[in-house]
Amino acid sequence: ATIIIWQASESGRYNHKGDSANQDFKDPRTGKTIKRTLDPFFQSWGQATTNEKGEYEFTTIIPGFYPADVASGWYRPPHIHFMVSSTGYPQFVTQMYFRGEQMKDNTFIQELNEADLLLQGGNLTKEQRQKLIVDFSESKDGNLLVGKFDLVISK
């Protein structure tokens, strides 16, 4: 299968035309302005092909949160979009969310996950929603946070 991911920068900015009108915003915890900038050293997307066991790997940053609707107080939590394609199967698109005691701002991220209208809405059961939230922990060498997001496509 081919897996494509896309995500916001560390400051919550997407690198596409549809995000060009989004402005800086105030952090709901501190009131400090978060400048939504693009990082010239961050590609914002990636593509991988699974190996013979169906495994894949990406190394990336934890994306920033951003306002979806400031008036209602809805902020999108950090998440990564996934699109999976394989010959003979329908294309599959989903999102992966973050959890991990070793992550900066984990408590706040979990509050955002609990309030996210996309993660909490729809026809998903609680168990299905929890599978979209990946536990991240330190790698063996302590240099990275590592998580496992299993994707299953069926006809």
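Structure first, text after, so check above.
Let me sum up the structure you'll find in this document. (Residues numbered from 1 in each chain as written. Predicted model: local features only at pLDDT ≥ 70, side-chain atom pairs only at ≥ 80, totals over all residues. Heavy atoms only, no water.)

1. Details of the packing of aromatic side chains
And step 1. Applying the stated criterion to the full structure yields 9 aromatic pairs.
And step 2. With centroids separated by 5.0 Å and ring planes inclined at 25 degrees, the aromatic side chains of F98 and F136 adopt a geometry described as stacked. Here F98, found in strand β8 (residues 92-99), pairs with F136, found in the loop between β9 (133-135) and β10 (137-138); they are 38 residues apart in sequence, far enough to count as distant. One exposure class covers both F98 and F136, and it is buried.
And step 3. Taken together, F25, F65, Y75 and F108 form an aromatic cluster joined through their ring pairs.
And step 4. Of note, R29 hangs over the ring of F108, and the distance from its end group to the ring centre comes to 3.9 Å. (Phe/Tyr/Trp six-rings, centres within 6.5 Å; stacked < 30°, edge-to-face > 60°. Helix = DSSP H or I, 4+ residues; strand = E, 2+ residues; numbered from the N terminus. Buried < 20%, exposed > 50% of the residue type's maximum accessible area, 1.4 Å probe, protein only. Lys NZ or Arg CZ within 6 Å of the ring centre and 35° of its normal.)

2. Looking at the side chain of R36
And step 1. With respect to the helices and strands, R36 occurs in the loop between β3 (33-34) and β4 (45-49).
And step 2. Judged by relative accessible area, which is 4%, R36 ranks as buried.
And step 3. Of note is the side chain of R36, whose polar atom sits 2.3 Å from the backbone oxygen of G12.
And step 4. In this structure, R36 is in contact with S11, G12, R13, Y14, D19, N22, Q23, D24, F25 and Y66, ignoring residues within four places of it in sequence. (Polar contact = N/O pair within 3.5 Å; in protein donor to acceptor, adjacent residues only side chain to side chain. Contact = heavy atoms within 4.5 Å.)

3. As for helix α1 (residues 106-115)
And step 1. Among all positions in α1, only N106, F108, I109, Q110, L112 and N113 are buried.
And step 2. Residues of α1 that are buried in the fold lie against β6 (74-76), β8, α2 (117-120) and β9.

4. Concerning the sheet that holds strand β7 (residues 79-85)
And step 1. As summarised here, the arrangement of the 5 strands in space is β4-β1-β7-β8-β9, forming an open sheet in which the pairing is mixed. Sheet topology places β4 and β9 at the edges, where each strand pairs with a single neighbour. Sheet twist, expressed as the average angle between the axes of neighbouring strands with direction ignored, equals 30 degrees.
And step 2. Direction of pairing for β8 relative to β9: parallel, over a ladder of 3 bridges. Within β9, the position partnered with Y97 by the bridge is I133.
And step 3. With respect to the sheet, α1 is in contact with β8 and β9, its orientation differing from that of β8 by roughly 140 degrees. (Pairing = 2+ DSSP bridges. Axes fitted to C-alpha atoms, helices over the stretch in contact; angles between N-to-C directions.)

5. Describing the nonpolar core
And step 1. By size, the foremost hydrophobic cluster in this structure holds 16 residues, and its most contacted members are I80, F82, M96, F98, F136 and F149.
And step 2. Mapped onto this core, the elements with two or more residues apiece are β1 (2-7), β7, β8 and β9.
And step 3. Contacts of F82, omitting those with residues within four sequence positions, involve I3, I4, I5, W6, Y56, F92, V93, T94, M96, F149 and L151.
And step 4. Counting residues in each nonpolar core, the second largest holds 9 residues, with Y14, I34, F65 and Y75 among its members. (Core = buried A, V, L, I, M, F, W, Y, C linked by side-chain atoms within 4.5 Å.)

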